[in-house]
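If you want the building blocks of each chain, they are given just below.
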Amino acid sequence: KVQVQTRSTRSTCPYCGVGCGVIIDSTGDDTSQGEIVGVRGDPDHPANFGRLCSKGSTLHLTATPLVRQTRRLLQPAWRPARGAAAEPLSWAQTHQQLAQRIAAVHAQHGPDAIGLYISGQLLTEDYQAFNKLARGLLGTNNIDSNSRLCMSSAVVGYKQSLGSDAPPTCYEDLDHTDCVFITGANPAWAHPILFRRLEAAKAKRPEMKIIVVDPRRTESADLADLHLQILPGTDVALCHGLLHACIWEGWLDRDFMAKHTEGASFDALKTLVRTMTPREAARICGIQEADLLKAARWFAESPATLSLYCQGLNQSTSGSAKNTALINLHLACGQIGRPGAGPFSLTGQPNAMGGREVGGMASLLPGHRDPNLADDRAEVARLWGVDALPATPGKTAVELFEAAAAGDIKVLWIACTNPAQSLPDQALVRRALERCELVILQEAFADTATAAYADVLLPAATWGEKEGTVTNSERRISRVRAAIAPPGEARPDWQIVRDVARLLEPMLKQAARPMFTYETAEDLWLEHRAATVGRDLDIGGLSYALLDQSGPQQWPFPAGAAQGAQRLYEDGHFATPNGRARFIAQPWKAPQDKLDARYPLSLTTGRLRDQWHGMSRSGVVPRLFGHEPAPTLRLHPQDLPLRGLKDGDLAQVSSRHGSLILPVQADADARPAQAYLPMHWGEEFVSGQDAQGRRLAGVNALTNKAFCPDSKQPELKFAAIQVQRV
Ligand code: SF4
């Protein structure tokens, strides 16, 4: 009997923003053909204390030798022509050709003809390399992330109301709260380990109230004392109605407001919500007035109220207004800055937070700086040793692809994301990819929908194979560690960027000192750390060594601190210039896509319990299909016979943006005239077409690219559709 030596490596789950700690069991070592043979929850990680959900506990099955050899990109490759098979090329030749092609476009069309579209699943160190390449070397702010589809409305909400993009709460608040207000989120499926903690808290303290606001009756709603089944897109009306009730019932915390908020901003908000009576709000939302009043009383009068929210608020043309309307309630009722109280955005992706900290989005700069402010640009330029950072505003996710479709962006460098499935209005995205002169795809997995459009494929290392850090929803920075070496010629993302940048640098500018001297992931992290010092997210007191020794830590963690801040604003001082939080008065607006006789049903999208994003990772694990083996469009039972349909029938589902054919399923959890389609299914499962007959795939054939004017986050949660028997 042969004794196989295994070793254990502490790392972090690469799926959702809960950021659970994992222990990877592997054979071999990290420089040879090692093999990941198991994964366990890390009992010492404060996000999960050893627990893992179905996705986290099957991570080792996404890294089997078979998956690594058959589903991964293993070597750099170029297509001689669009549609032709990609031909392998060495890394050295690939770097050289890329640098030359990018430099040529830069010289002929200027820096803004280049766009980078990156990912909330990259590590902080990867983000740092991409951001410096875009802003510091290429001289463009055209860098955005798929976090634009995820948390950008939450960012704007926090900044407008509280002065900083910083979730003020922590997971432990679930153990202290008396009322949990879950809105636009289904944590039972999307943040399962956090939801287990909520279930445990409710079991221990049954008197704790749980309110769930969701157009669908979800598994999260099953735990609720009160489910407000609002009509899609009416969240702002609900919050304004709740605030109206609190004002006129005398449930405000006037003392807190007087000490810690801007009085004039409340006057404007009070005027705005005057007409949003509970009766009117209940009418708009399609709920009972009595339920709205009950929710208002629980929210205001509970000793501590905690809101949990996610894409139902964020993915909307009113995304920022929805966020600020909720935070208004917390401020008016003094439900913030205490254990168990505050607004808590649940991050969708594992490192959407880290990307925001690094400033790897068009609307951000490193250390929570603002690209629109000359002083902030100058500070970053000084930190990076470059003359200046570009001032022209960068294009956000949808805008990048609009510009590419218009021929203004010639080069798109896409990393760790699959826009040919995940962006709204797939007809536009595919036109954009076809029109670009050079599409660079840096990916771990070989068969994503975007790969078909790529001129060059760069094989990237992924979970279990790379080093760095991520930040989870509660501002906690965790280490990510390699257990085995990447397969084939795959490399960590930051190394790929560095090696192209080193060749590009002498072609584009003469910086005072070389810009891409990094030899390790830690080198990049230290550069990021320097940009946070003196800022609200100061991590000057942290180091890789401290994270290795003491485990994951929350920010801020300035030099000299013994530990990070568990929660923010406990002293009542907010991150605004005058230290006072602001009420934001934004009116309720209906979603941009309108229901009419031709498109009478509203479609909403969301996650399944056992799948992740476009399934490039979770889709290689057979057992994760046990819960939901194939896509179906869910409709209220009474909506099927109206269209001559029954369970399992194929239907044509059409919106103003495209159409799909897929089976329907009766679902009493939906309201009449509403449909639900999970976001995960791509080309292999659901195909369709646009008005010109262009092949489209997945739910985003149907969704609308319209976005919130403040956060630029598109309205993935609402599209007007029709459903017809085929
Ligand atoms: Fe991973 Fe999220 Fe599941 Fe935790 S809850 S194991 S982070 S997918």
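Computed from a predicted model, the values in this text were never measured in an experiment.

(A) Examining helix α10 (residues 263-273) more closely. Buried residues of α10: F266, L269, L272 and V273, and no others. Burial along α10 is one-sided: seen end-on, the buried residues are contained in an arc of 115°. Turned more than 90 degrees away from the buried face of α10 sit G263, A264, D267 and T271, all of them exposed. Contacts from the buried residues of α10 go to α8 (235-249), α9 (254-260) and α14 (319-332).

(B) How the structure looks around the site of the ligand. Taken together, 14 residues sit near the ligand, with C13, C16, C20, C53 and G56 positioned nearest. Split by residue class, the shell around the ligand holds 9 nonpolar, 4 polar and 1 charged. There are two domains that each give the shell around the ligand at least three residues, and those are domain 1 (6-70) and domain 3 (152-345).

(C) Up close: the sheet that holds strand β9 (residues 209-213). If you walk across this open sheet you meet the 5 strands as β10-β9-β8-β11-β12, and the pairing is parallel. Strands with a single pairing partner mark the edges of an open sheet, and in this sheet they are β10 (226-228) and β12 (342-345). Ignoring strand direction, the axes of neighbouring strands in this sheet form an average angle of 15°. In this sheet, β9 lies alongside strand β8 (residues 179-183) in parallel orientation, the contact comprising 5 bridges. Looking at the pairing, V180 lines up with I210 of β9.

(D) Up close: the environment of N700. Here N700 shows up in the loop between β25 (695-697) and β26 (719-725). Sequence spacing of N700 and T9 is 691 residues, and the spatial spacing of their C-alpha atoms is 38 Å.

(E) How the structure looks around the environment of A190. For A190, the position within the fold is in helix α5 (residues 187-190). The buried category is assigned to A190, around which 24 C-beta atoms lie within 10 Å. When residues no more than four places from it in sequence are discounted, the contact partners of A190 are C16, A185, C310 and R607.

Conventions we followed
Residues numbered from 1 in each chain as written. Predicted model: local features only at pLDDT ≥ 70, side-chain atom pairs only at ≥ 80, totals over all residues. Buried ≥ 20, exposed ≤ 12 C-beta atoms within 10 Å, placed from the backbone. Helix = DSSP H or I, 4+ residues; strand = E, 2+ residues; numbered from the N terminus. Arc of directions from axis to C-beta. Contact = placed C-beta atoms within 7 Å. Near = placed C-beta within 6 Å. Nonpolar A, V, L, I, M, F, W, Y, C, P; charged D, E, K, R; others polar. Domains from an automatic or database assignment. Pairing = 2+ DSSP bridges. Axes fitted to C-alpha atoms, helices over the stretch in contact; angles between N-to-C directions.

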